[in-house]
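# Secondary and tertiary structure notes
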Amino acid sequence: MENGKTRYGKNTRALHAGLHASDARENSLAMHVTSSFFFNSAGQAAAVFGDEEEGNIYSRFSNPTVEAFEQRLAELEEGEACVATASGMAAIFGVFMQLLQQGDHLILSRSVFGSTINVAKNYLTKFGIQIDFVGLADMDGWRRAIRPNTKMFYLESPANPTLEMADLAALGQLAKEHGIKMVVDNVFCTPILQNPLNLGAHLVVHSATKYLDGQGRVLGGGIVGDVELIEGPMRTYMRNAGPALSPFNAWVLYKGLETLGLRVERHCANAMQVAQALFERADTTHKVRYPGLESHPQHGLACQQMRGFGGVLCLDLEDRARAYAFMDRLQLATITANLGDSKTLVTHPASTTHARVPQKERIEAGIGEGLVRFSIGLEDAQDIVDDLMQALPSVA
Ligand SMILES: *Cc1c(COP(=O)(O)O)cnc(C)c1O
């Protein structure tokens, strides 16, 4: 199967891409848990180090199990190549470190993962990189923020946890006109629901920890794009900086991808059922945000840009005390910072994932004190609905 160009559908690719069988003819990927690879002679070592002969050297540089995961993720994202990383943040930080330099200007969506904001503000500024934050859906804002030294647009769509979206094709076009690289965090959609590379993004970053694993087991990440960027600067960065994905985690993620299509379909169906039930019950105590609801201000864009509405939905309660009380009454949903697990998870972003973002900025980004984020799992949908309903403030 050729990377990037394939006649197979998503589910077939998820099962067959990146398959490497050894002489033992195993039908499920073997795990190469080794830190280094031996050479048959000193001369061979020199040849492999010197790029005269192909081969593995050391698992910080390459590893067959990690490579299998990289190929599979690249094919699903319809990109030419992928480098895997130890976590989603390792992928994001790597993209910033490798592609930006002192004096460059980065435009960041205001609605991104809390650690992404922290990395930008605490580390990139240390190296003389200028940053502006703009509203994700504010096209004029992106346009106005462009300076002669702007090198990168960075965004998530839908954003974590606000579920705001960007018109990726329009933003991709704007980036192209100004020679700016657009980097999209595709964690919420997964390649099943959206392929930003086909809409003008230069790179896609993933936290594989979320839906790609899908069962809350391991950390991992990946960066997908064309061969020139990935096998050039990004691979060199990985080799030197070292945030390598472990072969064991790569194996777990590779197997996780085999069921991604099925799982995402069920996450979407369950989230829709829960969102509708919450919407029908809407009263003064809560508002529901879900891209699949017509009440979502960007429902039209979601229909046009995404192949499904995802597994994350949010509830806006009146304040932090009510949000905590609601979460504490839940019996099925677990309170945890993760998302994309097979189980239903619930988080209070203002006090956890976005706690280090100053309150004023949180409010501007749409993360209120009463916001509760659900990652809807694969349980029977009615059980999730019943759990949420019995915990709503109006019931208690
Ligand atoms: C979790 C998450 C990340 C960070 O990924 P880790 O694997 O936890 O490092 C980045 N972006 C989004 C949207 C996330 O949800």
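Residues numbered from 1 in each chain as written. Predicted model: local features only at pLDDT ≥ 70, side-chain atom pairs only at ≥ 80, totals over all residues. Heavy atoms only, no water.

## As for the nonpolar core
The condition is simple: Among buried residues, those of type Ala, Val, Leu, Ile, Met, Phe, Trp, Tyr and Cys that are joined through side-chain atoms within 4.5 Å constitute a nonpolar core. Per-residue accessibility, obtained with a 1.4 Å probe over protein chains only, is compared with the maximum for each type, and a residue is labelled buried under 20%, exposed over 50%, and partly exposed between these values. In what follows, a contact means two residues having at least one pair of non-hydrogen atoms within 4.5 Å.
In terms of nonpolar packing, the biggest core is built from 61 residues, with Phe69, Trp142, Phe153, Leu155, Leu171 and Met182 touching the most fellow members. In this structure, Trp142 is in contact with Ile107, Leu108, Ser109, Val134, Gly135, Leu136, Phe153, Tyr154, Leu155, Leu171 and Leu174, ignoring residues within four places of it in sequence. Membership of the second largest hydrophobic core comes to 29 residues, among which are Leu100, Ile129, Ile223 and Tyr237.

## A closer look at the UniProt feature "modified residue: N6-(pyridoxal phosphate)lysine" (unreviewed entry) in the chain
Which entries qualify depends on this criterion: UniProt positions are given in the numbering used here, feature names are shortened, and annotations may be inferred rather than shown by experiment. In DSSP terms, a helix is any run of H or I states spanning at least four residues, a strand is any run of E spanning at least two, and both are numbered starting from the N terminus.
Mapped onto the present numbering, the UniProt feature "modified residue: N6-(pyridoxal phosphate)lysine" (unreviewed entry) falls at Lys210. Mapped onto the elements of the fold, Lys210 is located in the loop between strand S6 (203–207) and strand S7 (221–225). When sequence neighbours within four positions are dropped, the list of residues in contact with Lys210 reads Phe113, Val187, Asn338, Leu339 and Gly340.

## Details of the pattern of salt bridges
Rules: Whenever Lys or Arg places a side-chain nitrogen within 4 Å of a carboxyl oxygen from Asp or Glu, that contact is recorded as a salt bridge.
Inspection of the entire model under this criterion finds 17 salt bridges. Ionic pairing is found between Arg147 and Asp132, a salt bridge with its closest N-O pair at 2.8 Å. With Arg147 in the loop between helix H6 (139–145) and strand S4 (150–156) and Asp132 in strand S3 (residues 130–134), this residue pair connects regions lying 15 residues apart in the sequence. Put simply, Lys10, Arg13 and Glu78 are held in one network by salt bridges that share partners.

## A few points about the site of the ligand
Heads up, the rule is: We call a residue near a molecule or strand when any one of its heavy atoms sits within 4 Å of it. Distance and chemistry together define a polar contact, namely a pair of N or O atoms within 3.5 Å, with one atom able to donate a hydrogen and the other to accept it when in protein, and with adjacent residues in sequence counting only for side-chain atoms on both sides. The Shrake-Rupley method, run with a 1.4 Å probe sphere, supplies the accessible areas, and residue values consider only the shown protein chains as cover. The classification used treats Ala, Val, Leu, Ile, Met, Phe, Trp, Tyr, Cys and Pro as nonpolar, Asp, Glu, Lys and Arg as charged, and all other residues, Gly among them, as polar.
Lining the immediate surroundings of the ligand are 14 residues, of which Met89, Asp185, Ser207, Thr209 and Lys210 lie closest. Asn160 has a polar side-chain atom sitting 3.2 Å from an oxygen atom of the ligand. Lys210 places a polar side-chain atom, nitrogen or oxygen, 2.8 Å from an oxygen atom of the ligand. Considering the ligand on its own, with 380 Å² of exposed area, one finds that the protein chains cover 92% of that surface. Residue contributions to the shell around the ligand peak at 3 residues, all from helix H4 (residues 88–99). Its residues placed into classes, the shell around the ligand shows 5 nonpolar, 6 polar and 3 charged.

## Considering the pairing of strand S9 (residues 312–317)
Operational definition: A pair of strands counts as paired when DSSP detects no fewer than two bridges linking them.
Most of S9 is tucked away, with 6 of its 6 residues classed as buried. The alternating pattern of S9 places Val312, Cys314 and Asp316 and Leu313, Leu315 and Leu317 on opposite faces, both of which are buried. Judged from the 5 bridges that link them, S9 and strand S12 (residues 371–375) form a sheet pairing that is antiparallel. Opposite Leu313, over in S12, you have Phe374 as the bridge partner.

## A few points about unusual backbone geometry
For the bond running from Ser157 to Pro158, omega is -10°, close enough to zero to count as cis. For Pro158, the position within the fold is in the loop between S4 and helix H7 (168–177). Residues Asn160 and Pro161 are joined by a peptide bond in cis, for which omega reads 0°. In this structure, Pro161 sits in the loop between S4 and H7. Of note in this structure, Asp51 is not a glycine but carries a positive phi near 65°. In this fold, Asp51 is placed in the loop between helix H2 (42–49) and helix H3 (64–77). With a phi angle near 60°, Thr190 is a residue other than glycine that sits in the positive phi range. Among the structural elements, Thr190 can be located in helix H8 (residues 190–193). Exposure remark for Thr190: the relative accessible area of 1% places this residue in the buried category.

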